[in-house]
Amino acid sequence: MIHLFDTLNGEIRPLNQRDEGCVSLYACGPTVYDHPHLGHARQAMTYDVLRRYLEWRGVTVHHVANITDIDDKIIARAQREGTTEEAIATEWKTVYDQIMDRLSILRPHDRPHATGYIDEMVAFIQTLLDNGSAYANDSGVYLRVHRVEGYGDLVHRSLDDLRDGAGARVEVDPNKEDPLDFALWKAAKPDEPTWPAPWGAGRPGWHIECVAMSLGILGDGFDLHGGGSDLVFPHHTNERAEALAAGRSFAQHWVHNAMVNIGGEKMSKSLGNYTTVEALLDEHRDNARALRLALLQTHYRKTMEINPEVMAQARAGLERLDAMGRKAVAAGVPTDASERDAPAVTAFVGAMDNDLGTPEAIATVFETIRRANGALDAGSEEAAVLVATALDLAGALGLFLETTGRDGTDRTIDDLVAARTQARTDRDFAEADRIRDQLTELGVVVEDTPNGPIWHRS
RNA sequence: GCGUCGGUGCCCGAGCGGACCAAGGGAACGGCCUGCAAAGCCGUAAAGCCGCGGGUUCAAAUCCCGCCCGGCGCUCCA
C-alpha cells in the first residue's frame, strides 16, 4: 500500500482506506476569477498523478475538488467589470477546465460549487452555534477557536504561538472575542451577493465550504485531504477546526504539495510574479507533457523553479522518451504487448508507494526505455515487453508517449521524405541533404532506421 | 522570532545507516552505427571533503547537537 507524508504528524505513513479498495480524496480546487498559473497546475497535477497511480494499482478513487465561485476576489472582479459574480465564475471556470484538459488532468469525479452548498453550510454553522462553538453578531458568525482541542496541530503551533502572530500582525477585529477566531459567515454588505440565514443574511466564510462539501460528499473520516502547502494555515487548519468543533471526524491524512518558485520566490497572484499556464502551453506544443515530466522529476514536497531552461530540459527528456515509440513502430514491434517486465514494475511501484516517489519512478521508466532501445537495436524478442512496460508505467503517471512520429495528414512531408529516400537510393547525397534541410526548415526531423526513414516534428 | 521543509556533480534532481560512497534526466566528450547526420547503444568525464563544525556508530550524504543559507507558513493565496 502507498505511504504518504502526513502533514498532521510529520510522518510518512500508510494511506489507510476507510473502505477497503477505495480511496476518498478531497483536493482543494480553484477560486475561479482569473487565469490559472503554474502553481495551480502543480497542485492539480500532484493529485492527478496520485489518483492515476492509485487507479493504475486497481484502487477505486473518489476524487472531489471544489470550485469556489463566491469570495472577495470574485466580487471585486465582478464589480470592476460591471457584471455578476456568477458570470465571472462561469467564465473563469471554463478557462480553468480548458487548461486542465490541455494538461491531461482528469476531471475530479465531483466538483461541487460553493454556491450550490449554501444550505449545507448554513446547517453546519447552525450546529456550531447550537453547541456553543460559534457566536453570531452584527458582522457575522465566528468560530471560538480556543474551544477546539488541538487547533494548531496541523501547523504544529500552540494556540499561544498563533495568538502572538495574530495579535502582532493582524489588526484585531473588534467583532471577534479572540483574534484567532475566524468567520464562518460574513454578514450581508451592500452590493454583495447574499443568502438568507437564521442569524442574518450574508455569505459563507472561506473555509466552511470545503467542510460542508467534503463531509457531504465523502462522509465522515474520509481518507485524504490535499492542497498546496500555503493552505496549511489558515485554510486547512480552520476547516479541520470547524469539523472537529461540530464533533465530526475529518480527513484521516493530510497531504500538501510544495510551491512553484520564480526567481527563488513563491509564484503567486498577490506577488504578481506568476506565469499563466496558458502562456507556458502556448510557447511550445510539447509543453503540456514537458511540464508534467518536469513536475514528475521533482518530488511533490520540494519547492521547484519553472523557467524556460527547466522546460527545455524537460522537452529534451521527453524527446528521448518519445523516440523509443517511434523506433518500435518503425521496427514493426507491437506497443501493446500484455506481458510486463517484472523488475521494472516492481521498482516503479516501490518508488511510488514511498511517498509518491515520482522522480525515482520516472527514472525506472527511463531505464526501461534504454533497455527497450537496446532490445530494439538488437532485434531481441524482449523488445515488445519492454516497450509495453515503458509505455504502461509512463501512462500510470499520466505521461503519454508518442508511438507515432507523424500525424499522417501532411502529404507534402511524406512526399519530401520519399524524394529524399529516392535520392539516397540513387546515391545523390547532395540532393538528399538538400531535401533534409528543407524538411528541417519545416520543423521536421527525419531519422533513418534499418526499416526505412521515420520523421517527427521538432 | 516561532513552526515547517530543504541545502547533493556544469544544470535539474533521487538516495535518507552498510557492497571501493551516489539513481535518473539535461548539457559535454569519445567509440560503434550512418554516405553524412539524427536517433540509439557503449563508455568517459583528474578532481562532488553530499552547506559548515562537532558527535553517535564497526559503518553516515543518510542518526544527534550547534551554526550558516534558502523556500513556505504565521495575511488573501495552489
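Parameters and conventions
Residues numbered from 1 in each chain as written. Chains lettered and ligands numbered in written order. Predicted model: local features only at pLDDT ≥ 70, side-chain atom pairs only at ≥ 80, totals over all residues. Heavy atoms only, no water. Buried < 20%, exposed > 50% of the residue type's maximum accessible area, 1.4 Å probe, protein only. Helix = DSSP H or I, 4+ residues; strand = E, 2+ residues; numbered from the N terminus. Pairing = 2+ DSSP bridges. Domains from an automatic or database assignment. Axes fitted to C-alpha atoms, helices over the stretch in contact; angles between N-to-C directions. Contact = heavy atoms within 4.5 Å. Expected span 1.5 Å × (residues − 1). Arc of directions from axis to C-beta. Near = heavy atom within 4 Å. Polar contact = N/O pair within 3.5 Å; in protein donor to acceptor, adjacent residues only side chain to side chain.

A.B. asks: I'd like to hear about the pairing of strand β6 (residues 140-143), residue by residue, with values.
C.D. replies: Of the two faces of β6, both are covered, the one formed by Gly140 and Tyr142 as well as the one formed by Val141 and Leu143. In this sheet, β6 lies alongside strand β5 (residues 134-137) in antiparallel orientation, the contact comprising four bridges. The partner of tyrosine 135 across the bridge, within β6, is tyrosine 142. Linkage of β5 to β6, two consecutive antiparallel strands, is achieved through a turn of two residues. With four bridges connecting them, β6 and strand β7 (residues 182-187) associate as antiparallel partners. Bridge pairing in β7 links tyrosine 142 to alanine 183.

A.B. asks: Lay out the domain arrangement of chain A with the relevant residues and their values.
C.D. replies: For chain A, the assigned domains read domain 1 (3-261), domain 2 (318-396) and domain 3 (411-457). Domain 1 and domain 3 are separated by 56 Å when their C-alpha centres are compared.

A.B. asks: Residue-level account of the sheet that holds strand β3 (residues 22-27), with values.
C.D. replies: Across the sheet, four strands lie side by side as β4-β3-β9-β10; this open sheet has parallel pairing. Both outer strands of the open sheet, β4 (60-64) and β10 (254-257), are each paired with one neighbouring strand and no more. Averaged over all neighbouring strand pairs, the angle between strand axes comes to 25 degrees, with direction disregarded. Sheet topology note: the strand β9 (residues 224-228)/β10 ladder contains four bridges and is parallel. Residue pairing across strands places glycine 226 opposite valine 255, the latter belonging to β10. Packed on one face of the sheet, helix α6 (residues 208-218) meets β3 and β4 and runs near 165 degrees to β3.

A.B. asks: Describe helix α15 (residues 429-441), with residues and values.
C.D. replies: Between the first and last C-alpha of α15 there are 18 Å, a value that for 13 residues agrees with the 18 Å anticipated at 1.5 Å per step. For α15, the complete set of buried residues consists of Ala432, Ile435 and Leu439. Taken end-on, α15 shows its buried residues confined to a sector of 65 degrees, consistent with a single buried face. Seen from the buried face of α15, the exposed residues on the opposite side, beyond 90 degrees, are Ala430 and Glu441. Looking at the buried positions of α15, the neighbouring elements they touch are α14 (411-425) and β14 (444-449). Among the residues trailing α15, glycine 443 stands out with phi positive, at a value near 80 degrees.

A.B. asks: I'd like a description of the protein's contact with RNA strand B, backed by residues and values.
C.D. replies: Near RNA strand B there are 63 residues, and of these Trp206, Gly228, Lys266, Met267 and Asp377 occur at the shortest range. Of all RNA strand B atoms lying within 4 Å of any protein atom, the proportion belonging to sugar or phosphate reaches 68%. Threonine 303 is positioned such that a nitrogen or oxygen atom in its side chain is 3.5 Å from a sugar or linking oxygen of RNA strand B. Within the side chain of aspartate 433, one N or O atom sits 2.6 Å away from a base nitrogen of RNA strand B. No other element matches helix α12 (residues 358-378), which puts nine residues into the surface near RNA strand B.

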